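# Structural overview
This is what each chain is made of:
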Amino acid sequence: MVEIFFSDSAAGSLKEAKTAGQYAQSPVLEEPAAFHLALSVGDISGEGVDDKRLAALERLFSVYPENVGGAAARSLFDGAADNLYRLRRRLYAGGQARLWYSGHPDEWCGFYWLMAQLKNWGVVSGVFAVRRTEGWSGAPAGAWQKAEGQVELTPARISAGADKWRTLQRENAPLRAIVRGRLQSVPENFYDGWLEREIEAQTETFQEAQLIGAILGRGQTGTSDAWLALRLEQWIRQGRLQVVTAAPEGSPKYHRILKRIK
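These numbers come from a predicted model, not from an experiment.

Rules used in this analysis
Residues numbered from 1 in each chain as written. Predicted model: local features only at pLDDT ≥ 70, side-chain atom pairs only at ≥ 80, totals over all residues. Heavy atoms only, no water. Pairing = 2+ DSSP bridges. Helix = DSSP H or I, 4+ residues; strand = E, 2+ residues; numbered from the N terminus. Axes fitted to C-alpha atoms, helices over the stretch in contact; angles between N-to-C directions. Buried < 20%, exposed > 50% of the residue type's maximum accessible area, 1.4 Å probe, protein only. Contact = heavy atoms within 4.5 Å. 1 Å grid on protein atoms, 1.4 Å probe; cavity = no way out; pocket = protein on both sides within 12 Å on 5 of 7 lines; lining within 4 Å. Points joined across faces, edges and corners; volume = space filled by probe spheres on them. Nonpolar A, V, L, I, M, F, W, Y, C, P; charged D, E, K, R; others polar. Salt bridge = Lys/Arg side-chain N within 4 Å of Asp/Glu carboxyl O. Core = buried A, V, L, I, M, F, W, Y, C linked by side-chain atoms within 4.5 Å.

If you walk across this open sheet you meet the three strands as E8-E10-E9, and the pairing is antiparallel. Two strands bound the open sheet, and with one partner strand each, they are strand E8 (205–207) and strand E9 (241–245). Direction aside, the axes of adjacent strands within the sheet are offset by 35° on average. Where E8 meets strand E10 (residues 257–260), three bridges bridge the pair, whose relative direction is antiparallel. For Phe206, the partnering residue across the bridge sits in E10 and is Leu258.

Put into structure tokens, the structure is as follows:
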């Protein structure tokens, strides 16, 4: 059974559960296959794991120090490409796979993206899915032990998921987000309202990292620190914000103090 995740942190949580003896599902025959591709962001018009995905990852990781961010983006990209090849071989050989995903935009996009891969490969059986609203990163032991809601994906569901991905590809919006409980294409300013409201609550100068952390801490946006940081970079270029102090060497760009421009 190949265990599939759409974030590295969720895959890491499974490894921790196994180590602690908290994983009571069928034996895991391989390392978890992680597809940490940030599919809710950027150009998705390509197929499989392509250079457009690498470009999107590199853009997101550009807010981190160059020697860290670039290497991390490449590592995630190469790992996903290897995992896709391995998964295809295992399924063609009669193996099974189980997808662990949630309502987070990246993971929901990942689910639809993988349905498109399965349809292209002609795989119509042997694939199971477990969906958890709260996400799988740091999931409690009980969630791993029971895997409640596991279903085998029917050919009809695989086809429907693949069709949804093709629709999102044709729209190819800058972002994909959860809107009224549904995954939809949205403009790049979709999350700006959260940023604007949080900035209004700050003093004239404020810690950018604390601002981003406050938004993510509410768990409502479904986006990442990197995307919020990129939006704030855009506002700085537009003159809406001013950099007061640069981030310390070796830290993400958003570890700095900003000032509101009235």
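Still more to cover.
Attention now moves to the environment of Leu211. Structurally, the position occupied by Leu211 is in helix H8 (residues 208–217). Relative accessible area serves as the criterion here: at 0%, Leu211 is assigned to the buried category. Sequence separation between Leu211 and Ile199 is twelve residues; the distance between their C-alpha atoms is 7.3 Å. Residues contacting Leu211, with those up to four places away along its chain left out, are Leu195, Glu198, Ile199, Gln202, Phe206 and Leu232.

Approximately 860 Å³ is the volume attributed to the largest pocket. Along the wall of the largest pocket there are 41 residues; nearest its centre are His104, Asp106, Gly222, Thr223 and Ser224. Among the elements that take part in the lining of the largest pocket, strand E6 (residues 175–179) stands out by supplying four residues, more than any other. Within the lining of the largest pocket, the residues separate by chemical class into 20 nonpolar, 16 polar and five charged. Here the second largest pocket defines a volume of roughly 160 Å³. Top contributing element to the lining of the second largest pocket by residue count: helix H7 (residues 192–200), with three residues. When its residues are assigned to classes, the lining of the second largest pocket shows four nonpolar, no polar and five charged.

A few words on the pattern of salt bridges. Tallied over the entire structure, the rule returns eleven salt bridges. In this structure, Arg98 and Glu3 form a salt bridge, with 2.6 Å as the shortest nitrogen-oxygen distance. Of this pair, Arg98 sits in strand E3 (residues 97–102) while Glu3 sits in strand E1 (residues 2–5), placing them 95 residues apart in sequence. With respect to burial, Arg98 and Glu3 carry one shared label: buried. Residues Arg256 and Glu208 are paired through a salt bridge, measuring 2.6 Å at the closest nitrogen-oxygen approach.

Here we come to the nonpolar core. Generally speaking, a soluble globular protein has its nonpolar side chains buried in company with each other. One finds Ile4, Phe35, Leu87, Leu99, Trp113, Met115 and Trp165 to be the most contacted residues of the largest nonpolar core, which totals 67 residues. Here this core gets ten residues from one element, more than from any other, and that element is helix H4 (residues 105–121). Formed by five residues, the second largest nonpolar core is a distinct cluster that contains Phe5, Ala10, Val130 and Trp136.

With that settled, the discussion passes to the sheet that holds E1. Read across the open sheet, the five strands follow the order E2-E1-E3-E4-E5; overall the sheet is mixed. With one partner strand each, in any of the chains shown, strand E2 (33–34) and strand E5 (151–152) form the two edges of the open sheet. Sheet analysis places E1 next to E2, joined by two bridges and oriented parallel. Of the residues in E2, the one forming a bridge with Ile4 is Ala33.

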